[in-house]
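Listed below, chain by chain, are the residues.
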Amino acid sequence: MLRDLPRREPPAVRAWRRFGEKLARAGLARAPSEGPIDYLGRVSAARPDLAQEARAITERYVKARYGAGLTPAEAREFARLVRDFRAA
């Protein structure tokens, strides 16, 4: 019988989670049932100053998670965008 081994999150999921954590600290936590596009809409409406950066991050996440995937260069750019994102 196979043991339940912890699964490692894909890099895009880890980056998206970090992005959400940053927004949550700014009072914009994602609802459990809220998809990335709906979350982007709510963040953009609440904080227009974050809309452009949030859109760039969300578009890359959606492509990585639900689309064709990211090239290595796009993946590095996605990680950089999340790392540099400041919601405060």
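Residues numbered from 1 in each chain as written. Predicted model: local features only at pLDDT ≥ 70, side-chain atom pairs only at ≥ 80, totals over all residues. Heavy atoms only, no water.

**Things to note about the environment of Arg 18**
- The topology assignment puts Arg 18 in helix H1 (residues 11-25).
- Taking relative accessible area as the criterion, Arg 18 reaches 37% and is therefore assigned partly exposed.
- For the pair Arg 18 and Val 82, spaced 64 residues apart in sequence, the C-alpha to C-alpha distance is 7.3 Å. (Helix = DSSP H or I, 4+ residues; strand = E, 2+ residues; numbered from the N terminus. Buried < 20%, exposed > 50% of the residue type's maximum accessible area, 1.4 Å probe, protein only.)

**Some points on the packing of H1 against helix H4 (residues 72-84)**
- It is the contact of H1 with H4, at a shortest axis distance of 9 Å, that shows an interaxial angle of 20 degrees. Taken together, H1 and H4 sit at an angle that is classed as roughly parallel. Every pair of crossing elements has a handedness; the one defined by H1 and H4 is left-handed. Contacts from Ala 12, Ala 15, Trp 16, Arg 18, Phe 19 and Lys 22 in H1 reach Phe 78, Val 82, Arg 83 and Asp 84 in H4.
- A per-class count over the contact of H1 with H4 returns 6 nonpolar, no polar and 4 charged. (Axes fitted to C-alpha atoms, helices over the stretch in contact; angles between N-to-C directions. Parallel < 35°, antiparallel > 145°, perpendicular 65-115°, else oblique. Left-handed = near helix turned anticlockwise from the far one by under 90°. Contact = heavy atoms within 4.5 Å. Nonpolar A, V, L, I, M, F, W, Y, C, P; charged D, E, K, R; others polar.)

**Focus: the environment of Pro 72**
- Along the chain, Pro 72 falls in helix H4.
- Separated by 42 residues in the primary sequence, Pro 72 and Arg 30 place their C-alpha atoms 27 Å from one another.

**A closer look at the environment of Tyr 61**
- With respect to the secondary-structure elements, Tyr 61 resides in helix H3 (residues 51-66).
- In the structure, Tyr 61 is positioned 49 residues away from Ala 12 in sequence and 6.3 Å away in space, judged by C-alpha atoms.
- Each residue touching Tyr 61, except ones within four places of it in the same chain, is listed here: Ala 12, Val 13, Trp 16, Pro 36, Tyr 66 and Phe 78.

**Describing the pattern of salt bridges**
- Under the counting rule described, the total for this entry stands at 8 salt bridges.
- Notably, a salt bridge pairs Glu 9 with Arg 17, separated by 2.9 Å at the nearest N-O pair.
- Residue classification places Arg 17 among the partly exposed positions, given a relative accessible area of 36%.
- Between Glu 77 and Arg 80 there is a salt bridge whose closest N-O contact spans 2.6 Å. Here Glu 77 and its partner Arg 80 are both found in helix H4, 3 residues apart, which amounts to about one turn of the helix.
- What emerges from the salt-bridge pattern is a single network uniting Glu 77, Arg 80, Arg 83 and Asp 84. (Salt bridge = Lys/Arg side-chain N within 4 Å of Asp/Glu carboxyl O.)

Everything listed is a geometric property; what it means functionally is a separate question.
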